[in-house]
Amino acid sequence: MEGMVQVAALAAAAVLCGAVLRRGGGEFSLLLVLAAGTCILLLAMEPLSQVVESMARIARLAQLDGGLVLPVMKTVAISILTKITAEICKSSGEGGIAAFVETAGTALALAVAAPLAEGVLELMAEMLL
């Protein structure tokens with residue numbers, strides 16, 4: 001909860017500063033977005049590392065192969081990076097590039113998730129035999 005309060009406060013301050021910068025010309029607005037976004041992501045790093053550790057523990061307890069858990073983590077990371085990058089592109093007025101980023105992110109997520117689908121099918125086949 002405390003982390004989200006910090007994120008909200010930082011975002012509100014960045015929005016206010018961004019409004020002032022845009023009135024003055026807006027050249028530094030993108031730099032503000034990047035700086036605020038970086039700070040917000042840094043605030044989320046510790047909780048995110050705890051999630052990764054929890055996923056690893058759950059996989060061990062369920063006796064799952066790491067090859068099944070890793071693609072899920074990679075797919076989530078690709079989704080997060082795609083969303084952030086597309087929003088930065090949109091903020092700078094580059095909606096076309098944002099669309100390409102989203103398409104590429106979807107394709108890369110599917111490519112990473114394909115081994116997961118294969119692993120699940122193999123696991124199901126083993127359980128049936």
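About the cut-offs
Residues numbered from 1 in each chain as written. Predicted model: local features only at pLDDT ≥ 70, side-chain atom pairs only at ≥ 80, totals over all residues. Heavy atoms only, no water. Helix = DSSP H or I, 4+ residues; strand = E, 2+ residues; numbered from the N terminus. Rg over C-alpha atoms; globule rule 2.2 N^0.38 Å. Buried < 20%, exposed > 50% of the residue type's maximum accessible area, 1.4 Å probe, protein only. Areas by Shrake-Rupley, 256 points an atom, 1.4 Å probe, with all protein chains shown as cover. Expected span 1.5 Å × (residues − 1). Arc of directions from axis to C-beta. Contact = heavy atoms within 4.5 Å. Bend = angle between axes of the 7 residues up to and from the residue. Axes fitted to C-alpha atoms, helices over the stretch in contact; angles between N-to-C directions. Parallel < 35°, antiparallel > 145°, perpendicular 65-115°, else oblique. Nonpolar A, V, L, I, M, F, W, Y, C, P; charged D, E, K, R; others polar.

1. Examining the overall build of the chain
Secondary structure assignment for the chain yields four helices and zero strands. The order of α-helices and β-strands along the chain, N terminus first, is α-α-α-α. Against the compact-globule benchmark of 14 Å for 129 residues, the chain has a radius of gyration of 19 Å, which places it well outside the compact range. C-alpha extents for the chain along the principal axes are approximately 70 × 35 × 15 Å. Put simply, the chain has 129 residues, and 16% of those count as buried. In the structure as shown, the chain presents an accessible area of about 9300 Å², 73% of it carried by carbon and sulfur atoms.

2. Section: helix α1 (residues 2-23)
In an α-helix, one turn spans 3.6 residues, which is why side chains three or four residues apart end up on the same side. Relative to the 32 Å expected for 22 residues at 1.5 Å per residue, α1 spans 32 Å between its end C-alpha atoms, a close match to the ideal helical length. Buried within α1 are the following residues: Val7, Ala14 and Gly18. Looking straight down α1, one finds that the buried residues subtend no more than 40° of arc, so they occupy a single side. Exposed residues on α1 whose side chains face more than 90 degrees from its buried face are Glu2, Val5, Leu16 and Arg23. Among the structural elements, α2 (29-61) are those in contact with the buried residues of α1. Looking one or two residues past α1, Gly25 carries a phi angle of roughly 140°, positive in sign.

3. A look at α2
Here α2 spans 47 Å end to end across 33 residues, near enough to the 48 Å set by a 1.5 Å rise per residue. Along α2, the sharpest kink reaches roughly 40°, centred on Met45 and followed within four residues by the proline Pro47. Within the sequence span of α2, burial applies to Ser29, Ala36 and Ala59. One or two steps after α2, the chain reaches Gln63, where phi turns positive at roughly 55°.

4. Examining the packing of α1 against α2
Between two packed helices, what matters for the description is the angle formed by their axes and the separation of those axes. Between α1 and α2, whose axes approach to 10 Å, the crossing angle comes to 175°. When the interaxial angle is binned, α1 and α2 end up roughly antiparallel. From α1, Gln6, Val7, Leu10, Ala11, Ala14, Cys17, Gly18, Leu21 and Arg22 reach across to α2, where they touch Ser29, Leu32, Ala36, Cys39, Ile40 and Leu43. The residue inventory of the contact of α1 with α2, partitioned by class, reads eleven nonpolar, three polar and one charged.

Any link to function would need more than the numbers given here.
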